[in-house]
Amino acid sequence: MSQRQIIQACEQFRKSKMQFVQEVADFASSQQNIKSLQEAGVISLLQPLILDVVPGIRQTAALALGRMADNNHNLAEAVVRGEILPDLVHSVSTQNRFYKKAAAFVLRAVAKHSSELSQAVVASGGVDALVLCLEEFDPAVKEAAAWALGVIARHNATLAQSVVDGGAVPLLVLSLLEPEMSLKRIAASTLSDICKHTPELAQTVVDTGAIAHLAQLIFNPDAKLKRQVFSALSQISKHSTSLAEMVVEAEIFPAAVVCLRDPDEYVKKNVATLMREVVKHTPELSQLIVNCGGLGVVIDYLGNCHGSLRLPGIMMLGYVAAHSESLAMAVIVSKGVSQLALCLSEESEDHIRAATVWSLGQIGHHSPEHAKAVATANLLPRLLQLYMDANSSEDLQNKSKKALKIILQKCTDLPALEPLLYDAPSNIVKHVACQFSKVLPHDSKARRLFVTSGALKKVQEIEAEPGSPLQEYINAINSCFPEEIVRYYSPGYPEALLERLDNYQPA
C-alpha cells in the first residue's frame, strides 16, 4: 500500500467524520429527530469527536451535543452520565473561539433543565471554564458564557454562589460596557439571576459597582436591554432597605418613572416591579416615588394593560398605602381606588384579584375617610362576594375576608354598610353591627333612615348567640330606638297583634 493511499484513507476518514458531525448537528436542530438520534446512540459516537485533532470536527461535535441536550432533558442527563463534560471543560482553555462558544452552548443546554444538572456542570469545572470564556476578546464567546452562567445561577442560591465564587461578577459588570447590544442584555440578565436569591448575593453584585453601570443603561433606546436592566435593579432593591436606597441614590428616579410610558410592555412591567420593590421598604422611599409623580403614572399604566402585567402596579399601590394615612390618601386622591375597582371587575385570575383586594385593604384600613373611599366605590359587596364564592381560591377568600374586616372596622358610611346586613355571614355581620352601634347613638338622621330602609327590621331577624359580641352590638343598636318601635319590627310581632285583635272583645 502506497503512502498516497494511506493519506487518502485518512483524508476520507476525516471527511466522513466532518460529514457525520455536520449531519447530526443539522438533525439535532429539529425536535422531531431527537428521539431517533437518542435511539441510535449518537451521544456515545460524538463523545470522542469533541477531542478530535481537527478543530472543525471538535466544534461541530460540540454544537451537535448542545442542540441535542437543549431539546431533551434525558439527553442532557446522558451527556452528564457519559462523562463528556470534563473533557469538554478541560479542553476549553486550549481551543479557539469557535470551540469555546460551542462548549458554552453545551454547558448551558445541560444546565437549563434542572438544578441537579446545573450542579453537574459546576462539579465538572464548568463555571471556571465559562469565566475563562468571559475574558475572551470575541464578544460572541463572552455572550455564550454569560448566558450559560445565568442559566446556572437562576436555579438556586447555592448555584448562584458558585458563579460568584468563580469570579464571574466583575467580568459580567465589565460586559455591560461592551458595545455589543446582545452582550449587554445577557450580562444584565445574568446579574439579575444572581441577585434574586439572597441579600448577600445582591450585595456582592452591588459591591462591584453594578448599580451605576445599570443606571446608565436605562436611557438606552434598546427595549430588550431596558427589560433586563430594570429586572436587575428590581432584584437588587427587593432584599433590604439599604439596597433599595443604594438604587435610589444612583438617581434612577424620576427617569425610571418616565419609562412607564415606554412602548414595550415588558419594560413597563419591570419598571412597575422596580417601583414596587422600592416602595415596600419604608414610608420615606414611598414618599420619594410619590414626589416623582409615580402614583399617577402607575395608575395610568394599570388602565392601559391587562392580566399579569397589572400585578406589580396593583401591589405597588398597596405597599404605598400601607405605610401611612397620608400616603394612602395620596393613592385615593390620584384615583387609585377606582382603578383598582376596575382591575377587580376586569381580571379573572384569582392571584391578581387577591393582590387587588389586599391593596384595597391597605388603602381602606386607616380611618373612616379612607374606608369611605373604598365603600363609596361599591367595593364592599364585591369583597363579600369574592369571600363567599366557593370558586375563589383559598388565598383570594382569605385576603377578601381580611380586607373586608379591616375596612369595616373603620367604616362609618352607613348606607354603604347596610347591604351587608342582608347578605353577609355572622362573622362579617358582627363587624357591620359594631359600626352601626357606634354611629347610631349620635346621629338622629341615620336612626330615622335605619328604620325606614328596613335595616332595623333586618337586625331583629339576625340570630345571634346570647352573650356573643354580635348580640351585644344588636342590643346596643336596639337601645338607640324606643322600645315599641323595636318590638314592632321584631319577628312575630304582626302575628301577635293579629292574635290580640282576634281575642279583643269590644265593650
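What comes next concerns the included structure. Bear in mind that the values here come from a model prediction, so they are computed numbers and not experimental data.

### Digging into the overall build of the chain
Here's step 1: When helices and strands are tallied, the chain shows 35 helices and 0 strands.
Here's step 2: C-alpha extents for the chain along the principal axes are approximately 145 × 50 × 35 Å.
Here's step 3: The proportion of buried residues among the 507 residues of the chain is 52%.
Here's step 4: Put simply, of all contacts in the chain between residues at least 6 apart along the chain, 70% involve residues at least 24 apart.
Here's step 5: Measuring between centres, the 46 positive side-chain charges of the chain sit 4 Å from its 53 negative side-chain charges.

### So, unusual backbone geometry
Here's step 1: Omega for the peptide link from F253 to P254 comes to 10°, which places this bond in the cis form.
Here's step 2: Tracing the backbone shows P254 in the loop between α17 (241-249) and α18 (255-258).
Here's step 3: One non-glycine residue, N378, adopts positive backbone phi at about 60°.
Here's step 4: Mapped onto the elements of the fold, N378 is located in the loop between α26 (368-375) and α27 (380-388).

### Describing helix α33 (residues 469-478)
Here's step 1: Among all positions of α33, only L470, I474, I477 and N478 are buried. Angular distribution of buried residues about the axis of α33 spans 95°; they occupy a single face of the element.
Here's step 2: Where the residues of α33 are buried, they touch α30 (426-439), α31 (444-452), α32 (455-461) and α34 (483-488).

### What to know about the packing of helix α28 (residues 394-408) against α30
Here's step 1: Where α28 contacts α30, the axes come no closer than 9 Å and their chain directions differ by 15°. On the basis of their axis angle, the class for α28 and α30 is roughly parallel. Considering how the two elements wind past one another, α28 and α30 form a crossing that is left-handed. Mapping the contact onto sequence places K401, L404, K405 and L408 in α28 and N427, I428, H431, V432 and Q435 in α30.
Here's step 2: Looking at the contact of α28 with α30 residue by residue, the class counts come to 4 nonpolar, 3 polar and 2 charged.

### Looking at the pattern of salt bridges
Here's step 1: Under the definition given, this model contains 14 salt bridges.
Here's step 2: D350 serves as the salt-bridge partner of R353, at 2.7 Å between the closest nitrogen and oxygen. Taken as a pair, R353 and D350 lie in helix α25 (residues 350-364) at a separation of 3 residues, close to a single helical turn. Across the pair, D350 and R353 agree in class, each one buried.
Here's step 3: One salt bridge connects K399 with D395, and the closest N-O pair in it is separated by 2.7 Å. Remark: D395 and K399 occur in helix α28; sequence separation between them is 4 residues, near one turn of the helix.
Here's step 4: On the basis of relative accessibility, which here comes to 29%, the residue K399 falls in the partly exposed class.
Here's step 5: One continuous salt-bridge network, built from bridges that share partners, spans R276, E277 and K280.

### A look at the nonpolar core
Here's step 1: Counting 181 residues, the largest nonpolar core has L46, F253 and F450 as the members making the most contacts within it.
Here's step 2: Residues in contact with F253, not counting those within four places in the same chain, are V248, L274, M275, V278, L288, I289 and C292.

What counts and how
- Residues numbered from 1 in each chain as written.
- Predicted model: local features only at pLDDT ≥ 70, side-chain atom pairs only at ≥ 80, totals over all residues.
- Heavy atoms only, no water.
- Helix = DSSP H or I, 4+ residues; strand = E, 2+ residues; numbered from the N terminus.
- Buried < 20%, exposed > 50% of the residue type's maximum accessible area, 1.4 Å probe, protein only.
- Contact = heavy atoms within 4.5 Å.
- Lys, Arg positive; Asp, Glu negative; His and termini not counted.
- Charge placed at Lys NZ, Arg CZ, Asp CG, Glu CD.
- Arc of directions from axis to C-beta.
- Axes fitted to C-alpha atoms, helices over the stretch in contact; angles between N-to-C directions.
- Parallel < 35°, antiparallel > 145°, perpendicular 65-115°, else oblique.
- Left-handed = near helix turned anticlockwise from the far one by under 90°.
- Nonpolar A, V, L, I, M, F, W, Y, C, P; charged D, E, K, R; others polar.
- Salt bridge = Lys/Arg side-chain N within 4 Å of Asp/Glu carboxyl O.
- Core = buried A, V, L, I, M, F, W, Y, C linked by side-chain atoms within 4.5 Å.

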